[in-house]
Amino acid sequence: KPSITYNGLYQSWFWGGQASGTIRMQDQNTSGYALGNEAQISMWSGYTVNKWLSGTLRGIYNHQKNINGEFNDSHPETSSVDYASNYGGNFLDIGLGLDVAIPEKMGALSGHHIAFEWIQPIVSNFNGYQLDRFGALAATWKISF
């Protein structure tokens, strides 16, 4: 899973980017197939409003290759999820985030960070037939000590 990340900062603005991938090291597993390789590029920018509040905007591109091979058990393919060609594709998402750092004056909660990011699919170019993608809310709670 190789990756490389860059971050930048100028006054209250910050930005960055990351390129990462998943490289499958085998042609098939013991069941007769292997998931396809993946590549992802993520770029973000944000603004720090004050010491405890910042917001971000992020773009995410994800490329997933098809499954190689097929399940080696004798079973009839009864639905679209049984076909290896119905996996992967190219996807573009946008994320809108908010990060709150609890100030030191808050006593027991000092050092806590609470972050929320809404990730909305913009483009979904599926390989074959797949269920549509929907937006998702990611929440993170970090504690520094």
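Note: the structure precedes this text.
Predicted model, so just to flag it, every value in this text is computed and none were measured. (Residues numbered from 1 in each chain as written. Predicted model: local features only at pLDDT ≥ 70, side-chain atom pairs only at ≥ 80, totals over all residues. Heavy atoms only, no water.)

## Notes on the sheet that holds strand β4 (residues 38–50)
Hydrogen bonds along the backbone pair up the strands of a sheet, which may run parallel or antiparallel.
Thought 1: Within the open sheet, the 7 strands sit side by side as β1-β2-β4-β5-β7-β8-β9. Their pairing is antiparallel. The open sheet has two edge strands with one neighbour each: β1 (3–10) and β9 (136–143). The sheet shows a mean angle of 15° between the axes of neighbouring strands, direction not considered.
Thought 2: Direction of pairing for strand β5 (residues 53–64) relative to strand β7 (residues 89–101): antiparallel, over a ladder of 12 bridges. In the strand pairing of β7, L53 is matched with V100. (Pairing = 2+ DSSP bridges. Helix = DSSP H or I, 4+ residues; strand = E, 2+ residues; numbered from the N terminus. Axes fitted to C-alpha atoms, helices over the stretch in contact; angles between N-to-C directions.)

## Here's the deal with unusual backbone geometry
Thought 1: Positive phi, close to 55°, is recorded for Q11, a residue that is not glycine.
Thought 2: The class for Q11 is exposed, based on a relative accessible area of 64%. (Buried < 20%, exposed > 50% of the residue type's maximum accessible area, 1.4 Å probe, protein only.)

## Side note on the pairing of β1
Thought 1: As defined by bridge partners, β1 adjoins strand β2 (residues 13–22) across 8 bridges and the pair is classed as antiparallel. Within β2, the position partnered with T5 by the bridge is Q18.

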